[in-house]
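A structural walkthrough
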Amino acid sequence: MVKINCDGARFTKENRAGIGVVIRNSEGLVLGSLSKQIYQAYSPLEIEAMAVSTAMQFASNLEFQHAILETDSLVLVKALSDDTEFLSTVGLVLDEIRHKVVNFDFVPRHTYERNTCGSH
């Protein structure tokens, strides 16, 4: 079992966003990490959804099949836990994530970090 932490950030002035992913084993050893720049400032929820999708694809590429995924977006955790439908671009990304986790033992979990920007 590995733990995947992912997060997204929006840089409105630069019209960009960023995604970060870290995968650790049960001892906390980093098994993989990545960062990615997105050349458009999507909504905070869209960026978080892209971060989750990128994290799941990265874990799959590294052949991890048992994971706890942590994100600070409670909306996404709830949506992935109960198959909530979104009729938006977020819904498309959620469908993509659900498709990626078919062969995955996946437990979404919300991180309880203080939200300073009010975007989640």
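Now for a look at the structure at hand. (Residues numbered from 1 in each chain as written. Predicted model: local features only at pLDDT ≥ 70, side-chain atom pairs only at ≥ 80, totals over all residues. Heavy atoms only, no water.)

A word on the overall build of the protein
Counting its secondary structure elements, the protein contains three helices and five strands. Listing the helices and strands of the protein from first to last along the sequence gives β-β-β-α-β-α-α-β. Evaluated residue by residue, the protein yields a buried proportion of 41% over its 120 residues. Relative to all contacts within the protein whose residues are 6 or more apart in sequence, the contacts with residues 24 or more apart total 63%. (Helix = DSSP H or I, 4+ residues; strand = E, 2+ residues; numbered from the N terminus. Buried < 20%, exposed > 50% of the residue type's maximum accessible area, 1.4 Å probe, protein only. Contact = heavy atoms within 4.5 Å.)

Details of the pairing of strand E2 (residues 16–24)
The two faces of a sheet get side chains in turn, since along a regular strand they alternate between them. Bridge analysis of strand E1 (residues 2–11) against E2 gives nine bridges, and the strand direction is antiparallel. Across the sheet, the residue bridging to Phe-11 is Arg-16, located in E2. Hairpin geometry of E1 and E2 is characterised by an intervening segment of four residues between the two adjacent antiparallel strands and by a positive phi of about 55° at Asn-15. Linking E2 to strand E3 (residues 30–38), which pair antiparallel, is a turn of five residues; within it Gly-28 sits at a positive phi near 90°. (Pairing = 2+ DSSP bridges.)

Topic: the pairing of strand E4 (residues 66–71)
A large share of E4 lies buried, amounting to five of its six residues. Looking at chain direction, E1 and E4 are connected through four bridges and run parallel. Along E4, the bridge assignment pairs Ile-4 with Leu-69.

Topic: helix H2 (residues 74–82)
An α-helical segment advances 3.6 residues per turn. Residues three or four places apart therefore align on the same side. Within H2, burial applies to Leu-76, Val-77, Ala-79 and Leu-80. What you see down the axis of H2 is that its buried residues fit within an arc of 165°, all on one side. (Arc of directions from axis to C-beta.)

With respect to the nonpolar core
Of all hydrophobic cores here, the largest spans 27 residues; its most connected members are Ile-4, Val-21, Ile-23 and Val-52. The set of elements that each furnish at least two residues to this core consists of E1, E2, helix H1 (44–61), E4, H2 and helix H3 (89–100). In terms of residues, this core owes the most to one element, H1, which gives nine residues. Ignoring anything within four residues of it in the chain, the contact list for Val-21 reads Ile-4, Asn-5, Cys-6, Gly-32, Ser-33, Leu-34, Ala-51, Thr-54, Ala-55 and Phe-58. (Core = buried A, V, L, I, M, F, W, Y, C linked by side-chain atoms within 4.5 Å.)

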